Amino acid sequence: MIATKPGRTTKPLLLAYLLVVGFLAGLLVNRSPEAGYPVVAVDRPLSATGGVPDPERERPEPPLWLQLFRPSLPTARVMLRAGLPFLSLLDGSAREVENRSLLVYLAKDAQPRPQTLFQAVLPFLRHLPDQPPGLSGTDGAVVPEFPPATPPAQEEGPAPEEERRTPVAGGQPLVGIYHTHDWESYISEFPTLKVEKPEDLLQIQSEDHTRRTVKDLGLNLALRLKEQGITTVYADATHQRLGYNYAYTASRETARQILREHPSVKILLDIHRDGAWGLDTTTMVRGQRVAQVRCIIGRNQPRWEENKAFCDRLMERLDQMYPGMALPTRVQEDRYNQDLLPGAILLEIGGALNHFDEADRAVTYLSEALAALIREGAYPR
């Protein structure tokens with residue numbers, strides 16, 4: 001038998017012990033922010049692009065040895081994906097999603113519900129409300145049931161002020177808003193542009209958002225819903241730069257991010273404006289010119305009838321409250337990411353030849369019709 005020297009066994013153990021002690025010591029040192037790192041206040045104004053400033057992008061990367069002990073957010077993401085590969089998205093767009101900020105506009109008196117890191121990446125750890133009675137489905141899909149339509153108490157106008165501001169569903173987010181074609185704009189933003197043929201309409205867009213676009217409308221819609229007690233998630237993300245058709249693939253991940261981070265969302269609105277030639281998309285409401293609203297439904301997906309049922313209910317209510325505002329719904333051979341949720345619809349606010357102010361007035365009236373439906377519970381759940 002060959003004798004083994006004790007040193008050959010103790011040296012690896014000693015090395016492992018030193019590594020563990022060094023790692024723990026590294027977690028305890030340098031706990032305060034380094035000089036020169038910016039301090040981001042909660043009430044810090046939004047950035048020029050409308051997004052919430054990301055402190056991790058503004059500070060310089062710490063040295064590699066420090067990242068091993070106290071990883072920065074980007075490094076932590078890489079480490080998580082290396083250890084848990086399923087966190088990376090199947091379509092390879094995970095890194096791009098990191099730059100998509102979600103703005104949550106809490107209704108008055110509603111309290112935010114923080115999530116832990118593991119609740120954010122592992123949805124089954126979140127507390128989900130019990131399924132409401134009267135809903136049933138197959139293969140895990142919930143089929144929405146709408147209560148009978150009831151006419152509004154008043155011909156026009158919002159509900160009483162007190163009722164409008166009471167948070168719905170305890171202030172949990174119910175509505176998510178995003179934009180597949182975020183460049184879409186309105187003729188009023190291009191005062192020197194002469195529109196003489198259909199091709200000219202392609203110029204009514206703003207790639208860098210230096211002019212007002214549908215993104216401004218989506219943000220305004222989120223704010224007006226918030227004022228009426230509807231907590232809303234707004235996705236400040238750009239997709240059209242990836243190409244007009246591929247934009248739906250990109251925006252799909254944004255829509256999924258909304259549902260992943262805020263599973264209480266039941267209504268997904270993809271806000272556009274019509275770009276067809278020769279359409280009159282303007283009506284008169286209360287003596288002012290207002291852009292009309294159209295719902296688009298894609299039937300190349302299994303939920304299209306559910307999507308259309310909700311769309312019809314919303315357009316019916318809008319036309320009840322503000323006659324002439326709702327245009328006939330179009331059902332087209334596409335998907336439009338509406339398979340993600342029964343309450344996912346695409347809305348076109350006016351057309352390219354509308355003025356932005358006309359479209360913005362439409363957003364105000366649309367928010368009131370949508371808030372009325374939500375308060376009645378007439379939406380998919």
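Look a little higher up for the structure.
Residues numbered from 1 in each chain as written. Predicted model: local features only at pLDDT ≥ 70, side-chain atom pairs only at ≥ 80, totals over all residues. Heavy atoms only, no water.

Caption draft 1: The arrangement of the overall build of the protein in detail. Across its full length, the protein carries eleven helices and nine strands. Taking all 381 residues of the protein together, 43% fall into the buried category. The contacts of the protein with a sequence gap of at least 6 include a subset with a gap of at least 24, amounting to 78%. When the accessible area of the protein is evaluated, it comes to approximately 20,900 Å², of which 57% is carbon and sulfur surface. (Helix = DSSP H or I, 4+ residues; strand = E, 2+ residues; numbered from the N terminus. Buried < 20%, exposed > 50% of the residue type's maximum accessible area, 1.4 Å probe, protein only. Contact = heavy atoms within 4.5 Å. Areas by Shrake-Rupley, 256 points an atom, 1.4 Å probe, with all protein chains shown as cover.)

Caption draft 2: Spotlight on the pairing of strand E7 (residues 293–298). In terms of burial, E7 is largely enclosed, as six of its six residues are buried. Neither face of E7 is left uncovered, since the one carrying Val-293, Cys-295 and Ile-297 and the one carrying Arg-294, Ile-296 and Gly-298 both have all their residues buried. Looking at chain direction, E7 and strand E8 (residues 330–332) are connected through three bridges and run parallel. Residue Ile-296 lies in a different strand from E8, and its bridge partner there is Arg-330. Between E7 and its parallel partner E8, the chain crosses via helix H10 (residues 304–321), and the hand of that crossover is right-handed. (Pairing = 2+ DSSP bridges. Right-handed = clockwise from strand over helix to strand, strands pointing away.)

Caption draft 3: Up close: unusual backbone geometry. Its identity as a non-glycine residue notwithstanding, Ala-169 has a phi of 55 degrees, on the positive side. Looking at the secondary structure, you find Ala-169 in the loop between helix H7 (161–165) and strand E2 (175–178).

Caption draft 4: Molecular detail of H10. The terminal C-alpha atoms of H10, which comprises 18 residues, lie 26 Å apart, in line with the 26 Å expected from a rise of 1.5 Å per residue. Listed as buried for H10 are Trp-304, Glu-306, Asn-307, Phe-310, Cys-311, Arg-313, Leu-314, Met-315, Arg-317, Leu-318 and Met-321. Looking at the buried residues of H10, the elements they touch are strand E4 (267–274), E7, E8, strand E9 (344–351) and helix H11 (356–376). (Expected span 1.5 Å × (residues − 1).)

Caption draft 5: How the structure looks around the packing of helix H8 (residues 214–227) against H11. At their nearest, the axes of H8 and H11 sit 9 Å apart, and the two run at 35 degrees to each other. The handedness of the crossing between H8 and H11 is right-handed. Across the interface between the two elements, Asp-216, Leu-217, Asn-220, Leu-221, Arg-224 and Leu-225 from H8 touch Phe-356, Ala-359, Asp-360, Val-363, Thr-364, Leu-366, Ser-367, Leu-370 and Ala-371 from H11. When grouped by side-chain class, the residues that make up the contact of H8 with H11 number nine nonpolar, three polar and three charged. (Axes fitted to C-alpha atoms, helices over the stretch in contact; angles between N-to-C directions. Left-handed = near helix turned anticlockwise from the far one by under 90°. Nonpolar A, V, L, I, M, F, W, Y, C, P; charged D, E, K, R; others polar.)

Caption draft 6: Summary view of the layout of surface pockets. The calculated volume of the second largest pocket comes to roughly 450 Å³. Taken together, 22 residues form the lining of the second largest pocket, with His-181, Glu-184, Tyr-244, Arg-273 and Gly-275 sitting closest to its centre. Put simply, the parts of the chain that give the lining of the second largest pocket at least two residues each are E4, E8 and E9. For the lining of the second largest pocket, the element with the most residues is E4, which contributes three residues. Here the residues of the lining of the second largest pocket are counted per class, giving nine nonpolar, seven polar and six charged. (1 Å grid on protein atoms, 1.4 Å probe; cavity = no way out; pocket = protein on both sides within 12 Å on 5 of 7 lines; lining within 4 Å. Points joined across faces, edges and corners; volume = space filled by probe spheres on them.)

Caption draft 7: Fine view of the nonpolar core. Ranked by internal contacts, the top residues of the largest apolar core, which has 49 residues, are Leu-269, Leu-347 and Ile-349. Those residues in contact with Ile-349, other than ones at most four positions away along the chain, are Tyr-186, Leu-217, Ile-271, His-272, Arg-273, Ala-291, Gln-292, Val-293, Ala-359, Ala-362, Val-363 and Leu-366. The next biggest cluster of nonpolar side chains, apart from the first, holds twelve residues, and it includes Val-233, Ala-235, Ile-258 and Leu-340. (Core = buried A, V, L, I, M, F, W, Y, C linked by side-chain atoms within 4.5 Å.)

Caption draft 8: Summary view of the packing of aromatic side chains. One pass over the structure, following the stated rule, counts three aromatic pairs. Ring geometry for Tyr-186 versus Phe-356: centroids 6.2 Å apart, planes at 75 degrees, classification edge-to-face. Placement of Tyr-186 in the loop between E2 and H8 and of Phe-356 in helix H11 is noted, with a sequence separation of 170 residues between them. Residue classification places Tyr-186 among the buried residues on the basis of a relative accessible area of 0%. Given a relative accessible area of 3%, Phe-356 falls into the buried group. (Phe/Tyr/Trp six-rings, centres within 6.5 Å; stacked < 30°, edge-to-face > 60°.)

Caption draft 9: Layout of the sheet that holds strand E3 (residues 232–236). The seven strands are arranged E1-E3-E2-E4-E9-E7-E8 in an open sheet whose pairing can be described as mixed. Each having just a single partner strand, strand E1 (101–105) and E8 make up the two edges of the open sheet. For this sheet, the mean inter-axis angle between neighbouring strands, taken without regard to orientation, is 30 degrees. Relative to E3, E1 runs antiparallel, the two sharing five bridges.

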